[in-house]
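Spelled out, the chains give:
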2 protein chains.
Amino acid sequence: QPVTLINVFEVPEGKLPEAITYWEASRAFLATQPGFIRTRLHQPIAPNARFQLINVAEWESPQAFQPASARMQQEVSGSAT
Amino acid sequence: QPVTLINVFEVPEGKLPEAITYWEASRAFLATQPGFIRTRLHQPIAPNARFQLINVAEWESPQAFQPASARMQQEVSGSAT
């Protein structure tokens, strides 16, 4: 049963490019993981929106996503240090 | 240029059925409006999620959505009194 993962991000002023770079690194890794279907990053068209980034991703199951997310945390934070 | 509309809802305890009924009435109306593509209502699978409902809709343009949303406000709130 495919599942939709929705993350909302409140990004501090001036940190948007960095946040997008982090998101792209995460996506690049997650896209290699079993169960990944697709993901899309949304940015507001209206000014002063509550969230500056919203990620909407689809996975084949929650069980496929959880380990992939854990591995991603290690991978992306590891390469960021 | 199609646009994605994402609404997050913090629904008070016990009000979920009512909120879903309102959402369904809104969708039934919006689906008749020019520029409507599709919409999906998401409910969390994880306990104590921040949002109890998240609507993800797609429209042919922001210009198509705004008047439809205004008409919907009148239509749905009118029928609810």
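Preceding this paragraph is the structure being described.
Residues numbered from 1 in each chain as written. Chains lettered and ligands numbered in written order. Predicted model: local features only at pLDDT ≥ 70, side-chain atom pairs only at ≥ 80, totals over all residues. Heavy atoms only, no water.

Draft legend 1. Structural context of the relation of the copies chain A and chain B. Note on the identical chains: chain A maps onto chain B by a rotation of 180° and an axial translation of 0.0 Å, with an RMSD of 0.0 Å. Taken together, the rotation and translation relating the two chain copies correspond to the operation of a two-fold axis. The overlap is high: 100% of the interface residues of chain A also sit at the interface in chain B, so the same surface is used on both sides. (Least-squares fit on C-alpha atoms with pLDDT ≥ 70 in both. Contact = heavy atoms within 4.5 Å.)

Draft legend 2. Spatial organisation of the sheet that holds strand S1 (residues 3-9) of chain A. Residue and element names in this part refer to chain A. Reading across the sheet, the 3 strands line up as S1-S3-S2 and stay open at both edges, with antiparallel pairing between neighbours. At either end of the open sheet lies a strand with only one pairing partner, and these are S1 and strand S2 (36-42). Here the strands of the sheet are splayed against their neighbours by 15° on average, with no regard to which way each runs. Relative to strand S3 (residues 53-59), S2 runs antiparallel, the two sharing 6 bridges. Directly across from Arg38, in S3, lies its bridge partner Glu58. Contacts from helix H1 (residues 16-30) reach S2 and S3, with the element oriented near 170° to S2. (Pairing = 2+ DSSP bridges. Helix = DSSP H or I, 4+ residues; strand = E, 2+ residues; numbered from the N terminus. Axes fitted to C-alpha atoms, helices over the stretch in contact; angles between N-to-C directions.)

Draft legend 3. Fine view of the nonpolar core. Counting 11 residues, the largest nonpolar core is built from Val3(B), Phe29(B), Leu30(B), Phe36(B), Ala57(B), Trp59(B), Ala64(B), Phe65(B), Ala68(B), Met72(B) and Val76(B). Among the elements of the structure, helix H1 (16-30), strand S3 (53-59) and helix H2 (62-80) of chain B are those that each provide at least two residues to this core. Every residue in contact with Val76(B), bar those within four places of it in the chain, is listed here: Tyr22(B), Ala25(B) and Ser26(B). In terms of nonpolar packing, the next biggest core, distinct from the first, is built from 10 residues, Val3(A), Trp59(A), Phe65(A) and Ala68(A) among them. (Core = buried A, V, L, I, M, F, W, Y, C linked by side-chain atoms within 4.5 Å. Buried < 20%, exposed > 50% of the residue type's maximum accessible area, 1.4 Å probe, protein only.)

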